[in-house]
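Descriptive analysis of the structure
Here's the letter readout for the chains.
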Amino acid sequence: TRLEQELAASRGLLQAIAAAMAPHLLVLDGAAQVLMVNAAWLDYELARGRPRTSAAAWQGQDFPALQAGDGDPALGGEPFAAGVRAVLAGERSQFRQEVQVPLAWETHWFDLVATRLPGDFQGALIVRQDITALKRAELALLEQRTFLNSILDSSRHLGIFAIDREHRLALFNPAAGTIFGLSQREALGRPLEVLRTALGLDSDQLRQIMSDLATQQPDPEQLAQFPLLQKRPIRNVLLIVVTPDRG
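Given the structure is predicted, the values throughout are model-derived calculations rather than measurements.

1. Side note on the overall build of the protein
- When its secondary structure is counted, the protein shows 10 helices and nine strands.
- Taken over 247 residues, the protein has a buried fraction of 38%.
- Sequence separation of 24 or more characterises 41% of the internal contacts of the protein that already satisfy a separation of 6 or more.
- Total accessible area computed for the protein in this model is approximately 14,400 Å², and 53% of it derives from carbon and sulfur atoms.

2. Notes on helix α3 (residues 63-70)
- Burial in α3 covers these residues: F63, P64, L66 and Q67. Burial along α3 is one-sided: seen end-on, the buried residues are contained in an arc of 160°. Of the exposed residues in α3, the ones pointing more than 90 degrees away from its buried face are A68 and G69.
- In this fold, the buried residues of α3 make contact with β1 (24-29), β2 (34-37) and α4 (77-88).
- Where α3 begins, the side chain of D62 points an oxygen toward the backbone nitrogen of A65, at a separation of 2.9 Å.
- Positioned one or two residues after α3, G71 has a phi angle of 65°, which is positive.

3. Let's talk about the pattern of salt bridges
- Summed over all chains, the structure comprises nine salt bridges.
- Its salt-bridge partner being D72, residue R48 comes within 2.8 Å of it at the nearest N-O pair. With R48 in the loop between α2 (39-47) and α3 and D72 in the loop between α3 and α4, this residue pair connects regions lying 24 residues apart in the sequence. Taken as a pair, R48 and D72 share a single burial class, namely buried.
- In this structure, R85 engages E78 in a salt bridge whose closest nitrogen and oxygen atoms are separated by 2.6 Å.
- Each of E45, R48, R50, D72 and R128 takes part in salt bridges that share partners, so that together they form one network.

4. Looking at the side chain of K135
- By the secondary structure assignment, K135 is in helix α5 (residues 132-154).
- Sequence-distant contacts of K135, that is, excluding residues within four places in its chain, are made with E98 and W109.

5. Brief notes about the packing of aromatic side chains
- Taken as a whole, this structure holds four aromatic pairs when the rule is applied.
- Ring centres of W41 and W58 lie 5.7 Å apart, and the angle between their planes is 80°; on these two criteria the pair is classed as edge-to-face. Linking W41 in helix α2 with W58 in the loop between α2 and α3, this pair joins segments that are 17 residues apart in sequence.
- With relative accessibility at 0%, the residue W41 sits in the buried group.
- Note on W58: relative accessible area 1%, which makes it buried.
- Ring plane angle 70° and centroid distance 5.0 Å describe the contact between Y44 and F110, whose orientation is recorded as edge-to-face. Highlighted residues: Y44 in helix α2 and F110 in strand β4 (residues 107-116), separated in sequence by 66 residues. The same class applies to Y44 and to F110, which are both buried.
- A cation over an aromatic ring shows up here: R128 above the ring of W41, its NZ or CZ 3.8 Å from the ring centre.

6. Observations regarding the side chain of D111
- Tracing the backbone shows D111 in strand β4.
- A polar side-chain atom of D111 sits 2.3 Å from a polar atom in the side chain of R96.
- The residues touching D111, leaving out its near neighbours within four places in the chain, are R96, Q97, V127, R128, Q129 and I131.

7. Here's the deal with the nonpolar core
- L26, W41, W58, F63, F80, V84 and I126 are the most contacted members of the largest nonpolar core, which has 25 residues in total.
- For this core, the element with the most residues is α4, which contributes four residues.
- Setting aside its immediate chain neighbours within four residues, L26 contacts V34, M36, V37, W41, W58, F63, A124, L125 and I126.
- If you look at the next biggest cluster of nonpolar residues, it comprises 11 residues, including F161, A187, L192 and L195.

Calculation notes
- Residues numbered from 1 in each chain as written.
- Predicted model: local features only at pLDDT ≥ 70, side-chain atom pairs only at ≥ 80, totals over all residues.
- Heavy atoms only, no water.
- Helix = DSSP H or I, 4+ residues; strand = E, 2+ residues; numbered from the N terminus.
- Buried < 20%, exposed > 50% of the residue type's maximum accessible area, 1.4 Å probe, protein only.
- Contact = heavy atoms within 4.5 Å.
- Areas by Shrake-Rupley, 256 points an atom, 1.4 Å probe, with all protein chains shown as cover.
- Arc of directions from axis to C-beta.
- Polar contact = N/O pair within 3.5 Å; in protein donor to acceptor, adjacent residues only side chain to side chain.
- Salt bridge = Lys/Arg side-chain N within 4 Å of Asp/Glu carboxyl O.
- Phe/Tyr/Trp six-rings, centres within 6.5 Å; stacked < 30°, edge-to-face > 60°.
- Lys NZ or Arg CZ within 6 Å of the ring centre and 35° of its normal.
- Core = buried A, V, L, I, M, F, W, Y, C linked by side-chain atoms within 4.5 Å.

Everything listed here is a matter of geometry and, on its own, says nothing about what the molecule does.
Now the structure itself:
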């Protein structure tokens, strides 16, 4: 009939759109059976050496049963299965969960989202988005913060400050405040020039040092003109440890 033809055409269009999308997609009906799976989902199964690498291996399968039987962390386990049940029951419109997938060569992270389909058709769209790059950046930032905090916590006699790319003070610990005679409130966010008097430099000397720091190639002779500076580049932040001159 014409209605069946229109439904088939609509389903074909939906399959074509899903196949072209980068995120991993599954479509479930109201009974949580898999109606559709896109190529990105199948490609990831193949890359991991999983058994279900064809659409036929997924279509018609009970999604919660697959989650329970496979033990595949990429499917979200029981917490995500419960979320999917709540979405299909109309108790919530969406459920989101972050999952970690350990592999032999590296670890992947995904954002798993189940969204109730609009309209009269009961079902849900499962989207699995790779957030590995974002997660690694978050972990790197956490590692950097932990490193900085460990230095700050253990440095009662070392003045520590950091400048950003605009040469403004982004970090200034209490010991640095004692050395330079500035409080954190007076120092943070201010240009590096606020330390010029304490360092005993004129404007030209400070300007040259700032230029050298920007290229991460400071002149040792210039740095020797004021209390010992030890610099350590950490990604986009330049950490400078200042020790007071003990004569």
